[in-house]
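# Architecture and fold: a report
Here is what each chain is made of, one letter per residue.
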Amino acid sequence: MRCAVLISLLAGCLLATVAPAHAVDRPVPQTEPALGTPTRIELWPAGRVPGEPKRPTVPKVIERSADPALPDRYIDNVSAPYLVAYHPAKPNGTALLVIPGGGYQRIVLDNEGTALVPAFVEQGGVTLFVLRYRLPAGREDRQAALADAQRALRVIRAGAGKWQLDPSRIGVMGFSAGGHVAARLSNGYATALPGTGDAIDALSARPDFALLLYPVIDMGKHAHGGSRTRLLGDHPTPALEQQYSMQAQVGAQTPPTFLVHAQDDTVVSVHNSLLYYQALLAAGVPSEMHLFAHGGHGFSVRLPADSLAAQWPTLALHWMQAQPAAGAP
């Protein structure tokens, strides 16, 4: 009996380290960098976001955690997309455009954003740019998120000099539905979409490499239902499903890709990563895939230290370091 109680208490402690305690959701707009501050980078000139009114909507930022040590904010209602930058003390020249998930309903800011800073920025020397992108709700244009991702990659490349970055070592990292956006960018970086016609629009939007964490890939048999419905509607045609199933869009120019997924993910099936890896393999794209038996969905870096899946940031940093700069043999 005493052993059973002890096991129960240990399990409770373990769970407490993985997920933040949730209280009543509360608005926390003041936690975002203010307009004009150095860490907030607007993607488009004021009032010139393609397809959007000149006066932007006011984004909603909600905190879902009751534990200050484990914040769990999300943002939605973004019509003027922007980046939040995290600069290391000693940048190694590599940058990542980070695209958090949220099922195309919201954008997670901490679990798949600020929580990455210790491993990637402070220890890895990587400069992170976390994207607040437009969601499909209320828009007929399904390409808004891709347009934001394209523009974000170009903005980072344009600012490489001032941020001490190598413009040929700028990658993308996407989580869950953000992984779908990152895969769309990986394969649709040259898709012609409305822009501003400025010098930034003329730069390449191709990521030099991609990291996809438990990504939404398939819009068919293995789709995440919520992401598919919000992006494609209630009754998408087979042609539309095929167009937005990223395994069907992979080609020889798809950037080298690093995949992470857990076999016990009950939200986004591991088949999404398997299908994408098979397509990368068939196209001859250098890729690496790490599948873990346990981890579930949305684990990011908030895993017990002794979890095998907790090794993925170290693996990812080594993998990025091993990637040749664009144009190198």
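A short tour of the structure in this document, coming up. (Residues numbered from 1 in each chain as written. Predicted model: local features only at pLDDT ≥ 70, side-chain atom pairs only at ≥ 80, totals over all residues. Heavy atoms only, no water.)

## Remarks on helix H8 (residues 312–322)
Along H8, the residues that are buried comprise Trp312, Pro313, Ala316, Trp319 and Met320. Along the axis of H8, the buried positions cluster into a sector of 125 degrees, meaning they face one direction only. Opposite the buried face of H8, at more than 90 degrees from it, the exposed residues are His318, Gln321 and Ala322. For H8, the elements touching its buried residues are strand S6 (95–99), helix H2 (117–123), strand S9 (170–175), strand S10 (210–213), strand S11 (257–262) and strand S12 (287–292). (Buried < 20%, exposed > 50% of the residue type's maximum accessible area, 1.4 Å probe, protein only. Helix = DSSP H or I, 4+ residues; strand = E, 2+ residues; numbered from the N terminus. Arc of directions from axis to C-beta. Contact = heavy atoms within 4.5 Å.)

## Quick look at the sheet that holds strand S2 (residues 40–42)
Strands sit in the order S2-S5-S8-S6-S9-S10-S11-S12 across an open sheet of eight strands; the sheet is mixed. Strands at the two margins of the open sheet, each flanked by one partner only, are S2 and S12. In this sheet, adjacent strand axes meet at a mean angle of 20 degrees when their direction is disregarded. Pairing geometry for S6 and strand S8 (residues 127–132), over four bridges, is parallel. What sits directly across from Leu97, in S8, is Phe129. Here helix H4 (residues 177–188) sits on the sheet in contact with S6, S9 and S10, set at roughly 145 degrees to S9. Strands in contact with helix H7 (residues 271–283) are S10, S11 and S12; relative to S11, the strand with the most contacts, it is inclined by about 155 degrees. (Pairing = 2+ DSSP bridges. Axes fitted to C-alpha atoms, helices over the stretch in contact; angles between N-to-C directions.)

## Examining the packing of aromatic side chains
Within the structure shown, the criterion is met by seven aromatic pairs. Where Phe120 meets Trp312, the ring centres are 5.7 Å apart and the plane angle is 40 degrees; that geometry is what we call tilted. Residue Phe120 is located in helix H2, and its partner Trp312 is located in helix H8; the two are separated by 192 residues in the primary sequence. There is no split in this pair, since Phe120 and Trp312 are both buried. Measuring from centroid to centroid gives 6.3 Å for Phe175 and Trp312, while their planes differ by 70 degrees, and the two rings are edge-to-face. (Phe/Tyr/Trp six-rings, centres within 6.5 Å; stacked < 30°, edge-to-face > 60°.)

## Structural notes on the environment of Val58
Relative to the elements of secondary structure, Val58 occurs in the loop between S2 and strand S3 (60–65). Residue Val58 is classed as exposed on the basis of its relative accessible area, which comes to 67%. Placed 20 residues apart in sequence, Val58 and Val78 show a C-alpha to C-alpha distance of 7.1 Å.

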